[in-house]
Amino acid sequence: MQKQQCSNNLYRYRYFPFLVCFLISFSVFWSTDSLAQSNTAMDRTIEIKAISGLKYDKVRLAAEPGSTIRINLENDDEMIHNLLIVKPSTRMDVVKQAESMGEEGAENNYVPNSSDVLVSTPLLNPGEEASIIFEVPQEEGIYPYVCTYPAHGIVMYGAIYVTNSPDELPPIEEDPNIPEQVRDEMAASDSMHPYPLEMPTLTRLFMPESSPAAIAVGMEKDQSYNWDAGYSFLRYAWDGGYIDASDQWNDKAQEVAKVVGDIYYRNTTGFPFRISNPDSIPEPDFQGYRMVDGYPQFKYKMGDITVHELILPAEVTPGFQINYMLENVQEPIWYMLSDNDNVSIDFSEGEREGNRIKLTPEEAKEFTISIVSEE
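Keep in mind that what you see is a predicted model, and the values were worked out from it rather than measured.

Draft legend 1. Region of the structure containing the overall build of the chain. In terms of helices and strands, the chain carries six helices and 27 strands. Per element, the accessible surface of the chain, about 16800 Å² overall, is 45% carbon and sulfur.

Take a look at the structure:
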């Protein structure tokens with residue numbers, strides 16, 4: 001997967017209370033370039049996918065006037081797409097200008113030379129990604145975003161509400177500024193998400209009992225977990241559903257998502273590894289993640305040791321297993337077990353010492369922790 005970066009060169013530094021949320025280095029395929037850019041001060045980072053059916057997976061956003069946001073666009077479709085943010089009430093004018101570019105359209109990413117275009121990505125082939133930095137205007141209004149590839153702009157668009165009153169947005173199923181097809185789907189569904197979720201899936205958002213850098217992962221077999229990238233460890237796991245992020249979907253961006261289902265496991269020890277002796281707690285350095293068969297494999301460092309952590313549903317559910325691969329282990333390590341009365345814990349390597357597992361350097365290279373609910 002290639003990754004392209006562009007910007008309107010209007011970077012500005014602000015200190016928003018939740019800034020740290022999106023400064024954590026979320027990265028697919030260990031992109032050091034992406035990690036470096038994540039260190040740029042942003043008020044928010046928003047992930048948008050171009051999906052099948054000429055749609056964006058998010059069709060409405062809200063932004064504080066004068067703030068700075070990063071929008072990461074991933075083309076998850078089989079067609080070419082882009083994303084332009086334009087001035088209020090100019091979407092169709094820009095779409096028409098793009099479609100009149102003729103032979104020059106493709107080489108200019110179907111971005112017309114217009115003052116109505118505020119910022120844009122290039123054209124993205126399937127699987128490609130791009131990031132744009134949008135300096136939100138001070139003036140409140142509804143700023144459309146749209147794909148201007150020929151014949152897409154009529155139906156493939158969304159709206160950024162620049163407002164100081166995000167709680168006063170109209171119900172999304174009645175919002176005239178989002179595509180009619182999405183409104184119809186919302187009206188026919190009890191779900192606040194406009195499209196059915198397929199598992200596994202991953203969502204970066206505010207979660208209960210977590211730092212602002214939480215990553216919610218929905219797995220097969222109706223299992224889910226919350227991994228905290230701010231501290232590099234699993235927070236908790238639950239059974240019976242995924243999350244209700246309707247408040248965040250309505251772009252009350254600071255709202256915490258709700259867990260759908262029953263939490264059966266909680267991490268009570270924090271970062272689970274100890275190096276050299278059971279009292280030595282290393283400081284993890286989150287490096288990002290890559291996708292393995294649809295599941296994120298997290299990568300972080302603790303000193304010279306690199307950890308790869310992949311969480312999958314267990315054969316018996318409710319339950320899950322954590323597959324660890326550690327590189328450059330030179331000393332014994334300990335894995336601390338959390339205090340959960342209602343789960344059974346199995347491990348593939350090492351020796352149990354009370355509430356911890358001791359592993360030799362050889363054993364620590366690759367091992368599995370399996371946790372299954374007994375209720």
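So, next bit.
Draft legend 2. Representation of the sheet that holds strand E13 (residues 223–228) in the model. Spatially, five strands are ordered E11-E12-E13-E14-E17 in an open sheet, and the strand pairing comes out antiparallel. One side of each edge strand has no neighbouring strand; the edge strands of this open sheet are strand E11 (201–204) and strand E17 (262–266). Sheet twist, expressed as the average angle between the axes of neighbouring strands with direction ignored, equals 20 degrees. Summarising the sheet, strand E14 (residues 233–239) and E17 pair through four bridges and their orientation is antiparallel. Among the inter-strand pairings, Trp 238 is bridged to a residue of E17, identified as Ile 263.

Draft legend 3. Structural context of the sheet that holds strand E18 (residues 273–275). With respect to topology, four strands assemble into an open sheet ordered E18-E23-E26-E25, the strand pairing being antiparallel. Two strands close off the open sheet at either side, each with one partner strand: E18 and strand E25 (351–353). The average angle at which neighbouring strand axes cross in this sheet is 30 degrees, direction not considered.

Draft legend 4. Representation of helix H3 (residues 91–99) within the structure. Within H3, burial applies to Arg 91, Val 94, Val 95 and Ala 98. Burial along H3 is one-sided: seen end-on, the buried residues are contained in an arc of 100 degrees. Its buried side turned inward, H3 meets strand E6 (84–86), strand E7 (117–120), strand E9 (141–146) and strand E10 (157–162).

Draft legend 5. The arrangement of unusual backbone geometry in detail. A cis amide bond links Thr 317 to the next residue, Pro 318, at an omega of 5 degrees. Positive phi outside glycine occurs at Ser 89, with the angle close to 65 degrees. Following the sequence through the fold, Ser 89 ends up in the loop between E6 and H3. Positive phi, close to 65 degrees, is recorded for Asp 222, a residue that is not glycine. On the secondary structure map, Asp 222 appears in the loop between strand E12 (214–218) and E13. By relative accessible area, Asp 222 is classed as partly exposed at 45%.

Draft legend 6. Region of interest: the pairing of E12. Most of E12 sits out of view: five of its five residues are buried. Residues Ala 214, Ala 216 and Gly 218 line one face of E12 and the alternating positions Ile 215 and Val 217 line the opposite face, and both faces are buried. As paired strands, E12 and E13 are joined by five bridges and run antiparallel to one another. Following the sheet pairing, Ile 215 is matched in E13 by Trp 227. Hairpin remark: E12 followed by E13, antiparallel, with four residues in the connecting loop; positive phi at Lys 221, about 65 degrees.

Draft legend 7. Examining empty space enclosed by the protein more closely. Evaluated as defined, the whole model comprises three cavities of 30 Å³ or more. Surrounding the largest cavity, Phe 233, Leu 234, Tyr 265, Asn 267, Thr 269, Pro 272, Glu 309, Ile 322, Tyr 324, Tyr 335, Met 336 and Ser 338 form its lining. Those elements that place two or more of their residues in the lining of the largest cavity are E14, strand E22 (319–327) and strand E23 (333–336). Looking at the lining of the largest cavity, its residues break down into eight nonpolar, three polar and one charged.

Draft legend 8. How the structure looks around the packing of aromatic side chains. The tally for this structure, following the rule as stated, stands at 18 aromatic pairs. A centroid spacing of 5.9 Å and a plane angle of 40 degrees characterise the contact between Trp 227 and Tyr 300, whose relative ring orientation is tilted. With Trp 227 in strand E13 and Tyr 300 in strand E20 (residues 295–302), the pair connects residues that are 73 residues apart, well separated along the chain. Side by side, Trp 227 and Tyr 300 carry an identical accessibility label, which is buried. With a centroid separation of 5.0 Å and an interplanar angle of 25 degrees, the aromatic rings of Tyr 324 and Phe 367 are classed as stacked. Placement of the pair is Tyr 324 in strand E22 and Phe 367 in strand E27 (residues 366–373), with a sequence separation of 43 residues.

Draft legend 9. Structural view of the pattern of salt bridges. Evaluated as defined, the whole model comprises five salt bridges. Residue Arg 235 pairs with Asp 228 through a salt bridge whose shortest N-O separation is 2.9 Å. Asp 228 sits in the buried class, given a relative accessible area of 0%. Its salt-bridge partner being Lys 365, residue Glu 362 comes within 3.1 Å of it at the nearest N-O pair. Exposure remark for Glu 362: the relative accessible area of 55% places this residue in the exposed category.

Reading guide: rules and limits
Residues numbered from 1 in each chain as written. Predicted model: local features only at pLDDT ≥ 70, side-chain atom pairs only at ≥ 80, totals over all residues. Heavy atoms only, no water. Helix = DSSP H or I, 4+ residues; strand = E, 2+ residues; numbered from the N terminus. Areas by Shrake-Rupley, 256 points an atom, 1.4 Å probe, with all protein chains shown as cover. Pairing = 2+ DSSP bridges. Axes fitted to C-alpha atoms, helices over the stretch in contact; angles between N-to-C directions. Buried < 20%, exposed > 50% of the residue type's maximum accessible area, 1.4 Å probe, protein only. Arc of directions from axis to C-beta. Contact = heavy atoms within 4.5 Å. 1 Å grid on protein atoms, 1.4 Å probe; cavity = no way out; pocket = protein on both sides within 12 Å on 5 of 7 lines; lining within 4 Å. Points joined across faces, edges and corners; volume = space filled by probe spheres on them. Nonpolar A, V, L, I, M, F, W, Y, C, P; charged D, E, K, R; others polar. Phe/Tyr/Trp six-rings, centres within 6.5 Å; stacked < 30°, edge-to-face > 60°. Salt bridge = Lys/Arg side-chain N within 4 Å of Asp/Glu carboxyl O.

Honestly, it's all geometry; don't read function into it.
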